[in-house]
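Survey of secondary and tertiary structure
Below are the chains, spelled out letter by letter.
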Amino acid sequence: MKLELCHQESDKGVVPMFTDVELGKEQVQHACTKSHLIVNAGLRENGDIDDTLSGTTAVSVFVQGRLNRVTISNVGDSRAILGRRVWKESEVTRSIQGSSAVPYKAIPLSRDQTPHSKVERKRIRACGARILSLDQIEGLEPVKLCKKDDDENDENGHDNHDSEEEEEEEKEEDFDENDDPPRVWHPTMDYPGTAFTRSLGDALAKELGVIAEPEMVTMELQEGDEIIVLATDGVFEFLTNQSVIDICAKFKDPLEACRAVISEAYQLWLQYELRTDDITMICIFMDGIGKKDVQKNSSSHSSLHRATLDASDSISFETEHEAKDEDKVNRRSAEIKDMLKESLHQTPTKERSINMPFLKTEKTNEEKDVLNHAIQRSLILQKMSKKQLEMIYSAMQPIRVKKGDWLICQGDAGNCLYIAEEGTFEARLVSPQGSHQHTEDQGGKLVHVYEASKQKKIFPCFGELSLLYSSPRAASIVARTDGKLWALHRVALKAIMKE
């Protein structure tokens, strides 16, 4: 092997560096593990940082370009996913969010490390910790035990295993994938309550088994592996792995792909929640994979077609992620539909009747295509029946706006859901003491920008939150440019949902 020798000056003199030497898989994983442990120890030793009850999850990728090899390190519930171009028609997948056939398949490169994982739960309990949700801690929900829990776990969520043989027979508890996740707790005290089982920092949680050692995946990239995404859990609260890759595939610039995904995730949080979680993302576009002879310098001659954990259980988690993503989206959609029904029942008496034929507006195929793309990304509308969708297409009313027009004023009653077809729109928020004047300088703080694009098939929705919670508008929406929108009145939506 040809070695290129260079030098680096340091306080110890000239240090030779071999720039053409590639580390083996075990060496890379050892270095990554050591790096995580050093950072974790540094947080503890730094007097300016209080990591007693604070810390961070972390996901990273180490790229060995000459070998077409990547190593993913993960602590916590951030995610790494790969976008692989689909070459065979039979391999084309349909996005869980409902988009049409796409040229990329999302492949998970990490596993969420939370108490939902049976492996992580056993490890945490072996350290003496309890696994309970907040409602269980506060006595609002019973501790759900499986059939063998009389032998395995007491009423406080402790592990009562007496032997390895009993451990092997452990069955999973009934922890639903809901908004009250299982958390890690001290055996007798109500802390730290982390919803993850690995992290950097969180010193009090470390003695309960919340470790900083990463779970790692090492794989060789193959032809068609073109996108890698690293993102925090806030990105995936409403978006699936496949949805994220679908959005990234629309762009040539990874920075623009990041902006689009972050914007979509943020919009969904604003649409369906009264808060937002951390939303951070890195997007990497790769080319030239498969064009080089990657075997001659590689210490590993296997080409992995499915990413698997380099852990004792060595399980594949691609199917696991897809199933959880689909379950999560279906659960969210069902919850939101129930909330919407309850909210619509609170419609004032004077608005309880509507002439649906009067609202009917004929749509062109292009207009239906716009509405279809927007509806597929709306958790409120995507699970409607075919008949209901046709009624929605029919009842949607076109609205033309000019730059500076106010569509929504903060504090007003929420009566319509909007889909933007053309134009740019600002979401503005004023403080409780502020004024809701219809002027730019008194419109409040700019909190988000909605941009509609036919070219990129991006048609943002807004206005759902007040329909869901039957509450006043949480923010104002102002047209930054001339534009076109479609509006669906809540009374029409109520009539449609009765069908």
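Along each chain, the written sequence defines residue order, and numbers are assigned to residues from 1. Local features are withheld for residues below a pLDDT of 70 in this predicted model, meaning they are given only at 70 or higher, and side-chain atom pairs are given and counted only at 80 or more; totals for whole chains, interfaces and linings count all residues. With hydrogens and water stripped out, all remaining heavy atoms of the structure feed into the side-chain values.

**Describing the side chain of Glu367**
Its location among the elements puts Glu367 in helix H11 (residues 365-376). Only protein chains enter the area calculation, which uses a 1.4 Å probe; residues under 20% of their type maximum are buried, those over 50% are exposed, and those in between are partly exposed. Since its relative accessible area comes to 16%, Glu367 is described here as buried. Those residues in contact with Glu367 that sit more than four places away from it in its chain are Glu362, Lys484 and Trp486. Helix and strand assignments follow DSSP, with helices taken as H or I runs no shorter than four residues and strands as E runs no shorter than two, numbered in order from the N terminus. Note on contacts: a residue pair is in contact if any heavy atoms of the two residues lie within 4.5 Å.

**Brief notes about the state of the cysteines**
For the purposes of this analysis, a disulfide is any pair of cysteine sulfur atoms at a distance within 2.5 Å. Summed over all chains, the structure comprises zero disulfides. The thiol of Cys283 is unpaired, and the distance to the nearest cysteine sulfur, on Cys248, comes to 4.0 Å. Overall, Cys283 belongs to the buried group, its relative accessible area being 10%.

**Remarks on the pairing of strand E13 (residues 225-231)**
Counted residue by residue, E13 has six buried out of seven residues, so it is predominantly covered. Two strands are counted as paired when DSSP detects at least two bridges linking them. Where E13 lies against strand E14 (residues 281-285), five bridges are found, and the strand directions are antiparallel. Residue pairing in the sheet places Ile227 in a bridge with Phe285 of E14.

**Remarks on the packing of H11 against helix H12 (residues 386-395)**
Two numbers describe a pair of packed helices, the interaxial angle and the distance between the axes. Two elements in contact, H11 and H12, have axes whose closest approach is 11 Å; the angle formed by their N-to-C orientations is 125°. The pairing of H11 with H12 is recorded here as oblique in orientation. For the pair H11 and H12, the crossing hand works out as right-handed. Along the contact surface, H11 presents Lys368, Leu371, Asn372 and Ile375, while H12 presents Leu389, Glu390, Ile392 and Tyr393. Three classes are used: nonpolar for Ala, Val, Leu, Ile, Met, Phe, Trp, Tyr, Cys and Pro, charged for Asp, Glu, Lys and Arg, and polar for all others, with Gly counted as polar. Considering only residue class, the contact of H11 with H12 consists of five nonpolar, one polar and two charged. The angle between two axes is taken between their N-to-C directions and runs from 0 to 180 degrees, where each axis is a line fitted to C-alpha atoms and a helix contributes only its stretch in contact. Note on angle classes: values under 35 degrees are labelled roughly parallel, values over 145 roughly antiparallel, values of 65 to 115 roughly perpendicular, and the remainder oblique. Crossings are sorted by hand: turned counterclockwise from the far helix by less than a right angle, the near helix makes the crossing left-handed, and turned clockwise it makes it right-handed.

**Regarding the sheet that holds strand E9 (residues 183-185)**
In a beta sheet, neighbouring strands pair by backbone hydrogen bonds and run either parallel or antiparallel. The antiparallel open sheet is built from three strands, whose spatial order is E8-E9-E10. The open sheet has two edge strands, strand E8 (130-132) and strand E10 (192-194), and neither has a second partner. Sheet twist, expressed as the average angle between the axes of neighbouring strands with direction ignored, equals 30°. Pairing geometry for E8 and E9, over three bridges, is antiparallel. Its bridge partner lying in E9, Leu132 is registered against Arg183.

**A short note on H12**
Summarising burial for H12: seven of the ten residues are buried, a large majority. Residues Gln388, Leu389, Met391, Ile392, Tyr393, Ser394 and Ala395 constitute the buried set of H12.

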